[in-house]
Amino acid sequence: MWMNRVARPVLPQLDGLRWPVLLAALLIAMLCGVVVSLGVPLLSFALIGGIIAAFMLLLSADNMLYVLAISVTLVIGQLLYFAGIVQSLWLPYGLGLLLFFQLPGAYEARLRAGTAAQPVPFIGWFYVFMLSIVLSVVINLPNPLQVVVGSKNLIALWSVYLIIALGAVHQDRVEKLFSWLFPLAVLQLPFVLYQYFIVAAGRSNRGGRAGISWDAIVGSFGGDPSGGGASSVMAFYLVAAVLFSFALYRKGISTWRHLLAMLSIMLVCIGLAEVKIVVILLPIGVLLIMLPELLQRPFMALSTLVVVLGMMIGVLYLYDSLHYAEAGYQSTSFGDLMDKTFGYSLDPNYLNPETGEIGRVGALVLWWNDGMVADPVRGLFGYGPGASRAISSVAVGEVAERYSFFIDRSAACQLLWDLGLLGFLTFMGVMVSAAVTAYRLAKNKLLSAPTVALLQTCVALLVANIIFLPYSRDLLELPAQGFLAMAILGYVALIYQTYREVV
């Protein structure tokens, strides 16, 4: 009887909507058929994105955040690696733009709570960064397609920071989002083993355009099996899982078995994938987490650091015997090993004419000579979003076209060429400011142990992102790296607003 009483008033409404809904479904189906029949992949992908967007707008802010997290860490990588759909990288940026539509609701909630007047941490850096994009466009008036392609990477994922910082996602939900690092680390193992024994086994180590076999090992983060991919992003997430587990272990929340499991998974994955940056990131991360104890328990802290450094040197020797020896250039000494590992990155004159790869330091020197000294105004404000983009299916950068090699060697190079010194220093500024804020917050005795552990991890990962700026393009080009960076910024801003009186 109760069900009948509830159902009766609904049925007429359903009857009234039946034909409009059927007509809308029919029109959408016809549109899909027309677009697919045209055989234009970009249009088909845009249509799929539009349908997904319609459903995404029905989700709450925290659920949208979770969908975005899963898409950047698991979904996009498989579309890239197994299906070769390069346009899939647009999907998370589109989801990031959709997340901006949640901001008015978040601000309205702050108005009701009486906290709207409270300044959002790091928002000034955000405004200046957006201003640097506008100035670079106004000064250069670049190709509109170039602006769209370049700006999506620079703007879209800032919504992650804003939606968390504005309090639209509860602190517990954000902390659960970071706990996703642990199952994600475990999931990398089957991906890496498959890629090492099946995909990479059939590739050569000759180098050049033939590539290197271990470049095919990218975990779940995607890339081209024949040309490499997001192995450094995989390594970054594995390091994040180890550092978070280490911070939790020091607070008595996690066990040594959990830490050992995360460390073992990381060593297996990076050992097979040959990601050099890990030998820098992990010791620095451990040092930053243990920094408060250096004066209180210096022997314990330094002993731990020595063990980690020794482990990372061991990783380099593992690379030497597992990869370099097979390629025919095994090191003859520790100095030779260090030169093979880092020498080409630090060489200002390094250039591989076959692959178009320029050294990391050399790329920065090139910007200084050709970008800053040659034109100080554009050196300060940039040549326009996407100006340094060397490879694109939509619009190659206007500056990149002048060179026979890739000038967008790293995120630092991209920022310097596209947005100038202003954009680069602003991006650096927000990372440094957030790291200092997180470090000071972690000393707050009012915070719970898990929150302190996560803040200490955030300090280490923010510094790691700063190191990544001159290392690779991943922070701007691969949404998984950018998503994690923005989630960290948002979390630190959220905690600061709650405990700002002691900072």
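This structure is a prediction, so every number in the text was calculated from the model and none was measured. (Residues numbered from 1 in each chain as written. Predicted model: local features only at pLDDT ≥ 70, side-chain atom pairs only at ≥ 80, totals over all residues. Heavy atoms only, no water.)

> Just to check I follow, could you spell out empty space enclosed by the protein for this structure?
Which parts of space are left empty comes out when a probe the size of a water molecule is rolled across the atoms. In total, this model carries 5 cavities of 30 Å³ or more according to the counting rule given. If you add up the space inside the largest cavity, you get close to 100 Å³. Along its surface, the largest cavity is lined by 15 residues, and Asn153, Leu475, Leu476, Gly482 and Met486 are the ones closest to its centre. Taken together, the elements giving at least two residues each to the lining of the largest cavity come down to α8 (144–155), α21 (474–477) and α22 (479–498). By residue number, the principal contributor to the lining of the largest cavity is α22, which donates 4 residues. (1 Å grid on protein atoms, 1.4 Å probe; cavity = no way out; pocket = protein on both sides within 12 Å on 5 of 7 lines; lining within 4 Å. Points joined across faces, edges and corners; volume = space filled by probe spheres on them. Helix = DSSP H or I, 4+ residues; strand = E, 2+ residues; numbered from the N terminus.)

> Quick question: what am I supposed to make of a nonpolar patch on the surface here?
Taken together, the side chains of Phe82, Leu193, Tyr194, Phe197, Ile198 and Val268 make up a nonpolar region of the molecular surface, amounting to roughly 580 Å² of accessible area. In terms of residues, the nonpolar patch owes the most to one element, helix α11 (residues 181–199), which gives 4 residues. Structurally, phenylalanine 82 is set in the loop between α4 (61–81) and α5 (90–99). (Patch = residues over 30% accessible without salt bridge, like charges linked within 9 Å, V, L, I, M, F, W, Y side chains within 5 Å. Areas by Shrake-Rupley, 256 points an atom, 1.4 Å probe, with all protein chains shown as cover. Salt bridge = Lys/Arg side-chain N within 4 Å of Asp/Glu carboxyl O.)

> Just to check I follow, could you spell out the environment of asparagine 369 for this structure?
Summarising the element assignment, asparagine 369 is placed in helix α17 (residues 360–373). Taking C-alpha positions, asparagine 369 is 9.8 Å from glycine 379, a pair spaced 10 residues apart along the chain.

> Explanation requested: the packing of helix α14 (residues 278–290) against helix α20 (residues 449–468) in the structure shown.
To describe two helices that pack against each other, one gives the angle between their axes and the distance between the axes. Orientation of α14 relative to α20, taken along the N-to-C sense of each, is 145 degrees, at an axis distance of 9 Å. Taken as a pair, α14 and α20 cross one another with a handedness that is right-handed. Residue-level contacts link Ile280, Leu281, Ile284, Gly285, Leu288 and Ile289 of α14 to Gln456, Val459, Ala460, Val463, Ala464, Ile467 and Phe468 of α20. Class assignment for the residues of the contact of α14 with α20 results in 11 nonpolar, 2 polar and no charged. (Axes fitted to C-alpha atoms, helices over the stretch in contact; angles between N-to-C directions. Left-handed = near helix turned anticlockwise from the far one by under 90°. Contact = heavy atoms within 4.5 Å. Nonpolar A, V, L, I, M, F, W, Y, C, P; charged D, E, K, R; others polar.)

> Explain the side chain of aspartate 474 to me, please; I cannot follow it from the model alone.
Looking at the element boundaries, aspartate 474 is found in helix α21. One buried charged residue, aspartate 474, forms no salt bridge at all, with the nearest opposite charge on arginine 473 at 6.3 Å. Of note is the side chain of aspartate 474, whose polar atom sits 2.3 Å from the side chain of serine 232. Other than its neighbours up to four places away in sequence, aspartate 474 contacts Ser232, Val233, Phe468 and Gln481. (Buried < 20%, exposed > 50% of the residue type's maximum accessible area, 1.4 Å probe, protein only. Lys, Arg positive; Asp, Glu negative; His and termini not counted. Polar contact = N/O pair within 3.5 Å; in protein donor to acceptor, adjacent residues only side chain to side chain.)

> I tried to follow the packing of aromatic side chains on my own but got confused; where do I start?
Here a ring pair, both rings aromatic, is described through the centre-centre distance and the interplanar angle of the planes. Here the structure, examined in full by the defined rule, presents 18 aromatic pairs. Ring centres of phenylalanine 82 and tyrosine 194 lie 6.2 Å apart, and the angle between their planes is 40 degrees; this geometry places the pair in the tilted category. You can see phenylalanine 82 sitting in the loop between α4 and α5 and its partner tyrosine 194 sitting in helix α11, a full 112 residues away along the chain. Overall, the relative accessible area of 36% leaves tyrosine 194 in the partly exposed class. Where phenylalanine 468 meets tyrosine 471, the ring centres are 5.4 Å apart and the plane angle is 65 degrees; that geometry is what we call edge-to-face. Feature note: the residues Phe126, Tyr127, Phe129, Trp158, Tyr161 and Phe427 constitute an aromatic cluster, connected by ring pairs. Over the face of the ring belonging to tryptophan 90 we find lysine 152, whose NZ or CZ atom lies 4.7 Å from the ring centre. Its end group placed over the ring of tyrosine 66, arginine 173 keeps NZ or CZ at 4.5 Å from the ring centre. (Phe/Tyr/Trp six-rings, centres within 6.5 Å; stacked < 30°, edge-to-face > 60°. Lys NZ or Arg CZ within 6 Å of the ring centre and 35° of its normal.)

> I'm lost on the side chain of serine 71 in this one. Help?
Checked against the element boundaries, serine 71 lands in helix α4. Overall, the relative accessible area of 6% leaves serine 71 in the buried class. Not counting residues within four places of it along the chain, the set of residues in contact with serine 71 comprises Ile76, Pro92 and Leu95.

> Can you walk me through the nonpolar core in this structure?
Note that soluble globular proteins tend to have their nonpolar side chains buried in a common cluster. Trp158, Tyr161 and Met266 are the most contacted members of the largest nonpolar core, which has 156 residues in total. In this view, tyrosine 161 contacts Val120, Pro121, Phe122, Ile123, Phe126, Met486, Leu489, Gly490 and Ala493; residues no more than four positions away in its chain are not counted. (Core = buried A, V, L, I, M, F, W, Y, C linked by side-chain atoms within 4.5 Å.)

> What is the right way to read the layout of surface pockets from this model?
If you add up the space inside the second largest pocket, you get close to 390 Å³. Lining the second largest pocket we find 18 residues, and of these Phe246, Tyr249, Leu259, Thr304 and Val308 sit closest to its centre. Counting only elements with at least two residues in the lining of the second largest pocket, the list comes to α12 (231–250), α13 (256–273), α14 and α15 (298–327). Sort the elements by how many residues they give to the lining of the second largest pocket and α15 lands first, with 5 residues. A breakdown of the residues in the lining of the second largest pocket according to their chemical character gives 14 nonpolar, 1 polar and 3 charged.

> Can you help me understand the packing of α11 against α12 in this one?
Interaxial distance between α11 and α12 falls to 9 Å at its minimum, and their mutual angle equals 140 degrees. Viewed along their axes, α11 and α12 adopt a mutual orientation that is oblique. The interaxial crossing formed by α11 with α12 has left-handed handedness. In contact with Leu181, Phe182, Leu184, Ala185, Gln188 and Val192 of α11, α12 contributes Met234, Tyr237, Leu238, Ala240, Ala241, Phe244, Ser245 and Leu248. Counted by class, the contact of α11 with α12 contains 12 nonpolar, 2 polar and no charged residues. (Parallel < 35°, antiparallel > 145°, perpendicular 65-115°, else oblique.)

> Even after reading the chapter, I still don't get helix α6 (residues 103–113), so can you show me in this structure?
Think of an α-helix as turning once every 3.6 residues; residues three or four places apart then point the same way. Buried within α6 are the following residues: Leu103, Ala106 and Arg110. In a view along the axis of α6, the buried residues occupy a sector of 60 degrees, so they form one face of it. Of the exposed residues in α6, the ones pointing more than 90 degrees away from its buried face are Pro104 and Arg112. Elements that come into contact with the buried residues of α6 comprise α5, α9 (158–165) and α22. Glycine 114 sits one or two positions beyond α6 and adopts a positive phi of about 75 degrees. (Arc of directions from axis to C-beta.)

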